[in-house]
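Observations on the model geometry
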Amino acid sequence: MNSQPTTPLLTLWRPILAMLVVIVSSNYLVQFPLNDWLTWGAFTFPVAFLVTDLTNRAVGNAAARRVAWAGFAIAVVVSFALAPWRIAVASGAAFIVGQLLDIVAFNRLRAGSWWKAPLIGSAVASVVDTGIFFFLAFAGSDMNWLMLAAGDLSIKWLMAAVLLAPYRVMLPRLQLWVPVR
């Protein structure tokens, strides 16, 4: 579907709420390493790309950008209450760059097979998001952030593949995700 820049923000409440939950929980969970190369946030954050991709498929790239910006604004404010300031700032910067990149990649691939746009868009955006986040959040700290970034990225790629299942299930049900009048 072509982008519809006039999609009312209130119509996008489901994706915006989902984005808020994903980002806030990821900001909290990234503080807890499972081991030397992985945090719990790697399992939750990729759902943000699923939210964007479903919105993009349902009502277009302009609405997906609105969801990304709304999710960014709300989540950063709430994240300051739940996570250290450095994680909140890093998350916000990485999030918006990654989401906008995912939207661009998705749109370039949207006419192909159903799985290419969400998988490749999420995979590419995860690289950029992970690099920005871990550098801003942990560079100069005692944490081995390069190892954590590599571990998180590998899980984000795995999750991008796993999240193809709910994406596929939702394709015929996009009216439930974003009701279009």
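See above for the structure.
Residues numbered from 1 in each chain as written. Predicted model: local features only at pLDDT ≥ 70, side-chain atom pairs only at ≥ 80, totals over all residues. Heavy atoms only, no water.

**Brief notes about the side chain of N56**
- When you line up the elements, N56 lands in helix α3 (residues 47–59).
- Once residues lying within four places of it in the same chain are set aside, the contact partners of N56 are N61, A64, I103, F106, N107 and R110. (Helix = DSSP H or I, 4+ residues; strand = E, 2+ residues; numbered from the N terminus. Contact = heavy atoms within 4.5 Å.)

**Things to note about the nonpolar core**
- Membership of the largest hydrophobic core comes to 37 residues, with the highest contact counts inside it found for L12, M19, I23, A48, L54, F95 and W177.
- Where this core is concerned, the elements lending two or more residues are α1 (13–29), α3, α4 (61–82), α5 (85–109), α6 (116–138), α7 (145–162), α8 (164–170) and α9 (174–177).
- Considering every element that reaches this core, the biggest residue donor is α3, with seven residues.
- With residues up to four places along the chain from it excluded, the contact list for L12 reads T7, T55, V59, A63, R66, V67 and V178. (Core = buried A, V, L, I, M, F, W, Y, C linked by side-chain atoms within 4.5 Å. Buried < 20%, exposed > 50% of the residue type's maximum accessible area, 1.4 Å probe, protein only.)

**Some points on the packing of aromatic side chains**
- Under the counting rule described, the total for this entry stands at nine aromatic pairs.
- Here the aromatic rings of W40 and F43 are separated by 6.1 Å at their centres, their planes lie at 45 degrees, and the arrangement is tilted.
- Residue classification places F43 among the partly exposed residues on the basis of a relative accessible area of 30%.
- Their ring planes at 70 degrees and their centres at 5.8 Å tell us that F135 and W145 sit as a pair that is edge-to-face. (Phe/Tyr/Trp six-rings, centres within 6.5 Å; stacked < 30°, edge-to-face > 60°.)

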